[in-house]
Amino acid sequence: MNLSVKIGTIVMKNPVMTASGTFGYGPEMAEFIDLNALGAIVVKGISVRPKQGNPPPRIWETPCGMLNSIGLQNVGLKAFLRDKLPFLRKYNIPVIVNILGGSTEEYCNLAEALDGQVHGIEMNLSCPNVKSGGIMFSSDRALFTEVIREVRKRVKRSTLIVKLSPQAPVRDFSIIAEAEGADALSLINTIPALAIDIETRRPRLAKGIGGLSGPAIKPVAVRMVWEAYRSVTVPIIGMGGIMTGEDAIEFILAGATAVAVGTANFIWPDATMRVLKGIRDYMQSHGIEDINSIVGGILWEG
Amino acid sequence: MNLSVKIGTIVMKNPVMTASGTFGYGPEMAEFIDLNALGAIVVKGISVRPKQGNPPPRIWETPCGMLNSIGLQNVGLKAFLRDKLPFLRKYNIPVIVNILGGSTEEYCNLAEALDGQVHGIEMNLSCPNVKSGGIMFSSDRALFTEVIREVRKRVKRSTLIVKLSPQAPVRDFSIIAEAEGADALSLINTIPALAIDIETRRPRLAKGIGGLSGPAIKPVAVRMVWEAYRSVTVPIIGMGGIMTGEDAIEFILAGATAVAVGTANFIWPDATMRVLKGIRDYMQSHGIEDINSIVGGILWEG
Amino acid sequence: MTKCFKAEVISKEILSDRHFLLRLFIPADSLRPRAGQFYLIRTGTSYDPLLRRPFSVFNWDNNYMEFLIMKKGRGTEQLLQVSKGMFVDVIGPLGRGFPLPERGQQPVLVGGGIGIAPLYLLAREIDTQKIMLYGGKSRDELIAMEYIKMIGDTELRIFTEDGSEGIKGTVLDGLREVLTDVESPVVYICGPGQMIETLKGLEDLRTDEVYVSVEERMACGIGVCLGCAYPTREGMKRVCIEGPVFKLSEL
Amino acid sequence: MTKCFKAEVISKEILSDRHFLLRLFIPADSLRPRAGQFYLIRTGTSYDPLLRRPFSVFNWDNNYMEFLIMKKGRGTEQLLQVSKGMFVDVIGPLGRGFPLPERGQQPVLVGGGIGIAPLYLLAREIDTQKIMLYGGKSRDELIAMEYIKMIGDTELRIFTEDGSEGIKGTVLDGLREVLTDVESPVVYICGPGQMIETLKGLEDLRTDEVYVSVEERMACGIGVCLGCAYPTREGMKRVCIEGPVFKLSEL
Ligand SMILES: Cc1cc2nc3c(=O)[nH]c(=O)nc-3n(C[C@H](O)[C@H](O)[C@H](O)COP(=O)(O)OP(=O)(O)OC[C@H]3O[C@@H](n4cnc5c(N)ncnc54)[C@H](O)[C@@H]3O)c2cc1C
Ligand SMILES: Cc1cc2nc3c(=O)[nH]c(=O)nc-3n(C[C@H](O)[C@H](O)[C@H](O)COP(=O)(O)OP(=O)(O)OC[C@H]3O[C@@H](n4cnc5c(N)ncnc54)[C@H](O)[C@@H]3O)c2cc1C
Ligand SMILES: Cc1cc2nc3c(=O)[nH]c(=O)nc-3n(C[C@H](O)[C@H](O)[C@H](O)COP(=O)(O)O)c2cc1C
Ligand SMILES: Cc1cc2nc3c(=O)[nH]c(=O)nc-3n(C[C@H](O)[C@H](O)[C@H](O)COP(=O)(O)O)c2cc1C
Ligand code: FES
Ligand code: FES
């Protein structure tokens, strides 16, 4: 049975990876699972300088989902390379670093510093561009195009992954990302959402709007993966509410070559292993020799 | 205690209305609740000619939500006016008709025929424009602008409500709708989504993609209502996963003048009455004299 | 009038690892259900699962109502967790049931698997002699046999596809045979979707006197969502209002 | 090592309409928890509610672990529904507990309402004489009194804001008084968020020897989501890893 998949030049022993921001930098999870069993690890988004993140409360539970507004808290590039990466290098798994910036320049600096140091660089573009008054890179065509183009020039050895936001039209933005040289796409990021405490009349999160993740968004994510799959030829990493192997198979049938497990890690620290086992079981019971054979295997023309 | 609100020229005795497509044309629900107790009734979307709708399966349950692809099944304009409207006229509640078409012309025909016959006309623009190869009115700026402009010319006596899709940028489209003369906005419509049966590899719905509704989408809907509220001055009808009075208050604090109950009607046929009671209870326990006083009352600047 | 209320669980009888009988206390002012009618049931305060689930009435008396339930997915799994004294949300009776046989007609009841649920009640409602064909893939799909054997005035014929009980074959094979013998039959059928599909193909059954209970996914069960549409010769019909029992000739 | 497993419910003891004691069977190979550490608990297969809920260890022995739980919202409501023999998902022990008093220190335990949970265990762990201040708005917020009264070697002082039991006032009033009498105190505090806020304002308490258990909403409980961030003098700390017990002087 072949579970191995390829994302750009990254060869993964299986299609199960972690979703950025839901797995820390690895050590905490190593208490619960064998990291070597993962297809790849994607770490929490890294910025040039360390970030303190938002004040609490940062999370709120919603029906079948949760909102978060962590505020990009991270140790920063330098500390990541010095303190976090060595730990991950001890394992025999591809490391993908999620990067975030407030300007094209910051993305470029991160890309340059990480290129060749890690297997993959995932651009989290759901960040406001500081110069253009807070417009998101992920939803503005011009910003989106430019930042990918510039980063592409700097990424020569690592695989470049562009993460799509559910707020922009999937087709158009997938096509732009591919045209600008993304080696792979990942989607979806969380959906902006708001919950209000009707007693205090304040948002449930200190920062107001947060990102919705978890099972609630799964059907939206599957649709978007399917739309992206129909629009581009680069491989797709699907995510959004994956809790089980069955969920993962749904994404794979919709067109995902690999899947990332996010919020589920909070419910079961060994969620990635459960998903992996579920995929294996499905392949076994359905006589599927190679997972790649069912990527985009949905029987529907759209 | 004043619960009465105004949407355009429609005076509603309370802010609770029904969401189009979740309440039929009234008679079935009259078995369970007193229709006169509603703020307004919004009926299933009407097209010029009757529509058979999509083949089954048309619905699928998802985590805290459901997908539907009814396919705009409806009795058509003529039968509506002849068979359905007289029943509703017996009640002392504003009647709002949700209209849908495949062309600007069809929307205009519906608007002309209904203007003055009913209290409100709600434009459901999540329909593909036949001429432009299936692009949705609700997500194409030019189509969206044109259809509202043309319909506006034909609606002289009824209140004109434009229903927004969660797929288009809320701010921009709210502003366009207001500029083109909408008397009120309603949002959100269902979110396009896909569920796949991993046994058959076919979509769970015969038509493939369906619309996601229910509690799962509530935080997304609240965020969008808040965005719309900050962008326009016309009243907003908020909806998306409202199950309880507390949920309704959340929408009102976010900026909704009225709320529509959709999927909840399927869980409890008397969901609208539960929501209304919940609003009343909240007002009572919080000493709120006039519901209008808390519209947009969220304590947050954004 | 259709009712929406909370009903107390009187008992839950486990019949097999996948089947159970749920007995609810139904207030005396509730309408008497007809065989083939169904209730929508929901339990708990969670929104996952969200929708109510439809179940045919299996049996009822002045102060209770029984449902024969097969564990399938999360909704039925959740119902299996309820226990005596708990309350569940019910709406019903809903839909159109089976019409009773007219004088002189020979009732033939045909049930596959869990499809026996509404037919048990129908068999009890019909006070004349009837033929009942009951089948499943194998013997473990024949549920509630203790109950079925007790129905009076009934010629019961059992079928299993693997021959593990009764006659080897399907109830539809059995039905054909019965129909060659019986003069003016009225046939009542309830079974899995696949069985109904096969039925539609059987041209010799396309008489007016064959009634079939069909299933379709439901959201509201009360006619407002249009989710349960079923294609018939006269266009789309709502299983929850115009059905679940249709004449085979309409389908 | 932290463990993630399914634990069988041994018993559920109802203490009031809002409080109960959940006793779980915890396999013998599980690590011994320290007072102040917590477990994440989840029950059922529904995704609503989705997240695990954190609860301090109230008591434990070789083959069981007890949690004192206050019904608050949907998660705790759901836990109240579990019954003997059912299994719940648990992860733990998590976080850093209270450090035991050093020789010569006078332990003072200060609990408000449900905040008594980790202090009960702490009181039992401390085998020297200790002072325990326990308070609530009114007498019905004083829970598990039967248990607390049984702790040995303890001078128990009860406070209620409305004077319905014990001394009228708050535990913080009581604490101040105690501190004027006691020589080298070590103070352990657990109570509602509001009480912790008040504490931070009490400059005279800003010594090294005051330990506070704080609460923040958690998603993962194991340090990976950064959801439980709590601002401290040295920046954001994770309540689930660096806490829940902090020195008051750090906050
Ligand atoms: C009119 C009618 C009467 C029925 N009577 C009985 C009965 O007496 N006993 C019994 O055991 N079952 C009966 N069923 C089938 C029963 O409703 C389904 O098995 C049940 O809804 C499955 O729910 P689940 O959550 O366990 O399964 P899941 O597969 O998790 O359900 C997922 C979704 O599909 C829907 N669904 C799944 N199977 C069916 C089905 N066959 N029909 C309609 N919707 C379905 C569910 O309602 C839900 O929305 C009846 C169905 C209908 C329409
Ligand atoms: C370290 C720690 C130890 C705790 N120990 C105990 C204990 O021993 N006994 C006890 O009864 N309670 C304890 N709590 C509080 C308990 O976790 C919450 O009361 C519970 O999570 C509420 O869940 P709910 O679904 O009933 O409430 P809801 O209000 O419906 O919860 C909604 C969301 O808010 C979170 N939340 C609500 N209140 C709190 C809170 N006070 N702290 C953290 N998250 C919260 C929930 O986890 C959930 O994500 C502890 C909390 C923490 C952080
Ligand atoms: C707490 C939390 C933190 C996250 N941090 C990041 C991040 O730093 N960078 C990023 O690209 N996505 C981040 N995400 C988004 C996830 O990687 C993922 O795209 C999203 O949660 C959907 O998957 P899920 O539903 O399985 O969680 C975060 C999500 C959560 C819940
Ligand atoms: C079964 C179903 C049918 C619907 N039909 C229509 C329709 O005809 N026209 C329309 O504008 N919206 C329609 N909607 C969308 C609802 O009016 C509402 O915008 C959406 O469901 C979100 O609200 P809810 O989560 O409370 O259901 C339909 C929704 C459902 C679930
Ligand atoms: S289930 Fe809603 S119309 Fe039949
Ligand atoms: S709860 Fe996730 S880091 Fe603490």
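The following refers to the structure shown. (Residues numbered from 1 in each chain as written. Chains lettered and ligands numbered in written order. Predicted model: local features only at pLDDT ≥ 70, side-chain atom pairs only at ≥ 80, totals over all residues. Heavy atoms only, no water.)

With that out of the way, let us pick up the interface of chain B and chain A. Across the boundary between the two partners, chain B contributes 41 residues, which contact 41 residues of chain A. Both sides of the chain B and chain A interface together cover about 3,700 Å² of buried area, and 68% of this is carbon and sulfur. Among the residues chain B hides against chain A, the three largest losses belong to Leu194, Ile198 and Arg201 of chain B. Together they make up 20% of the total. Remark: the boundary between chain B and chain A carries 0 salt bridges. Counting every contact that joins chain B to chain A gives 14 residue pairs in polar contact (both at pLDDT 80 or more). When residues of the side of chain B that touches chain A are traced back to their parent elements, those giving at least two are strand 11 (191-193), helix 6 (218-231) and helix 7 (245-254) of chain B. Class assignment for the residues of the side of chain B that touches chain A results in 28 nonpolar, 6 polar and 7 charged. (Contact = heavy atoms within 4.5 Å. Buried area = accessible area lost by both parts, 1.4 Å probe. Salt bridge = Lys/Arg side-chain N within 4 Å of Asp/Glu carboxyl O. Polar contact = N/O pair within 3.5 Å; in protein donor to acceptor, adjacent residues only side chain to side chain. Helix = DSSP H or I, 4+ residues; strand = E, 2+ residues; numbered from the N terminus. Nonpolar A, V, L, I, M, F, W, Y, C, P; charged D, E, K, R; others polar.)

Before going further, it helps to spend a moment on the relation of the copies chain B and chain A. Superposition record for chain B on chain A: RMSD 0.0 Å, screw rotation 180 degrees, translation along axis 0.0 Å. The transformation relating the two chain copies, once decomposed into turn and shift, fits a two-fold axis. Residue alanine 216 of chain B of chain B places its C-alpha closer to the rotation axis than any other residue of that unit, at 2.5 Å. Take the interface residues of chain B: 100% of them recur as interface residues in chain A, which is what a same-surface contact looks like. (Least-squares fit on C-alpha atoms with pLDDT ≥ 70 in both.)

Residue and element names in this part refer to chain B. Between its first and last C-alpha atoms helix 6 spans 20 Å; for 14 residues at 1.5 Å apiece the expected length is 20 Å, and the two agree. Most of helix 6 sits inside the fold, with 12 of its 14 residues counted as buried. Along helix 6, the residues classified as buried are Lys218, Pro219, Val220, Ala221, Val222, Arg223, Met224, Val225, Trp226, Glu227, Ala228 and Ser231. (Expected span 1.5 Å × (residues − 1). Buried < 20%, exposed > 50% of the residue type's maximum accessible area, 1.4 Å probe, protein only.)

In the vicinity of ligand 1 lie 22 residues, with Lys72, Gly73, Gly75, Thr76 and Glu215 of chain C positioned nearest. Around ligand 1, the nearby residues trace back to chains B and C. In the model, an oxygen atom of ligand 1 is placed 2.7 Å from a nitrogen or oxygen of the proline 54 of chain C main chain. Within the complex, 89% of the 820 Å² of free accessible area of ligand 1 lies under protein. Where the shell around ligand 1 is concerned, the elements lending two or more residues are strand 5 (59-62) of chain B together with strand 4 (53-56), strand 6 (64-70) and helix 1 (74-80) of chain C. Of all the elements, strand 4 of chain C adds the most residues to the shell around ligand 1, at 4 residues. Per-class residue counts for the shell around ligand 1 are 11 nonpolar, 4 polar and 7 charged. (Near = heavy atom within 4 Å. Areas by Shrake-Rupley, 256 points an atom, 1.4 Å probe, with all protein chains shown as cover.)

Evaluated as defined, the whole model comprises 1 disulfide over all chains. Here cysteine 64 of chain A pairs with cysteine 64 of chain B through a disulfide, and the sulfurs are 2.5 Å apart. A torsion of 60 degrees about the S-S bond marks the disulfide between cysteine 64 of chain A and cysteine 64 of chain B as right-handed. Highlighted residues: cysteine 64 of chain A in the loop between strand 5 (59-62) and strand 6 (65-68) and cysteine 64 of chain B in the loop between strand 5 and strand 6 (65-68), drawn from two different chains. When its relative accessible area of 0% is taken as the criterion, cysteine 64 of chain A is described as buried. Cysteine cysteine 108 of chain B shares no disulfide, and the gap to the nearest cysteine sulfur, in cysteine 127 of chain B, comes to 14 Å. Using a relative accessible area of 6% as the deciding quantity, one classes cysteine 108 of chain B as buried. (Disulfide = S-S within 2.5 Å.)

Okay, the pattern of salt bridges next. Counted under the stated rule, the structure contains 52 salt bridges over all chains. Measuring nitrogen to oxygen at the nearest pair gives 2.9 Å for the salt bridge that ties glutamate 28 of chain B to arginine 238 of chain C. Linking glutamate 28 of chain B in helix 1 (residues 27-30) with arginine 238 of chain C in strand 15 (residues 235-238), this pair reaches from one chain into another. A salt bridge links arginine 171 of chain B to glutamate 227 of chain B; its shortest N-O distance comes to 3.8 Å.

Here we come to the pairing of strand 9 (residues 130-136) of chain D. All names here are of chain D. Summarising burial for strand 9: 7 of the 7 residues are buried, a large majority. Covered by surrounding structure in strand 9 are Lys130, Met132, Tyr134 and Gly136 together with Ile131, Leu133 and Gly135, the residues of both alternating faces. Sheet topology note: the strand 8 (residues 106-112)/strand 9 ladder contains 5 bridges and is parallel. Each bridged residue has a counterpart across the sheet, and for valine 108 the counterpart in strand 9 is isoleucine 131. Read as a crossover between parallel neighbours, the route from strand 8 over helix 2 (residues 116-125) to strand 9 is right-handed. Two strands pair when backbone bridges link them, and strand 9 and strand 10 (residues 154-160) are joined in this way by 7 bridges, in the parallel orientation. Paired with methionine 132 across the two strands is leucine 156, which belongs to strand 10. (Pairing = 2+ DSSP bridges. Right-handed = clockwise from strand over helix to strand, strands pointing away.)

All names here are of chain A. Its 15 residues give helix 9 (residues 271-285) an end-to-end C-alpha distance of 21 Å, which sits within 8% of 21 Å, the value for a rise of 1.5 Å per residue. Taken together, the buried positions of helix 9 are Ala271, Thr272, Val275, Leu276, Gly278, Ile279, Tyr282 and Met283. The buried side chains of helix 9 occupy one side of the element, clustering within an arc of 160 degrees when seen end-on. Of the exposed residues in helix 9, those oriented more than 90 degrees away from the buried face are Lys277, Gln284 and Ser285. (Arc of directions from axis to C-beta.)

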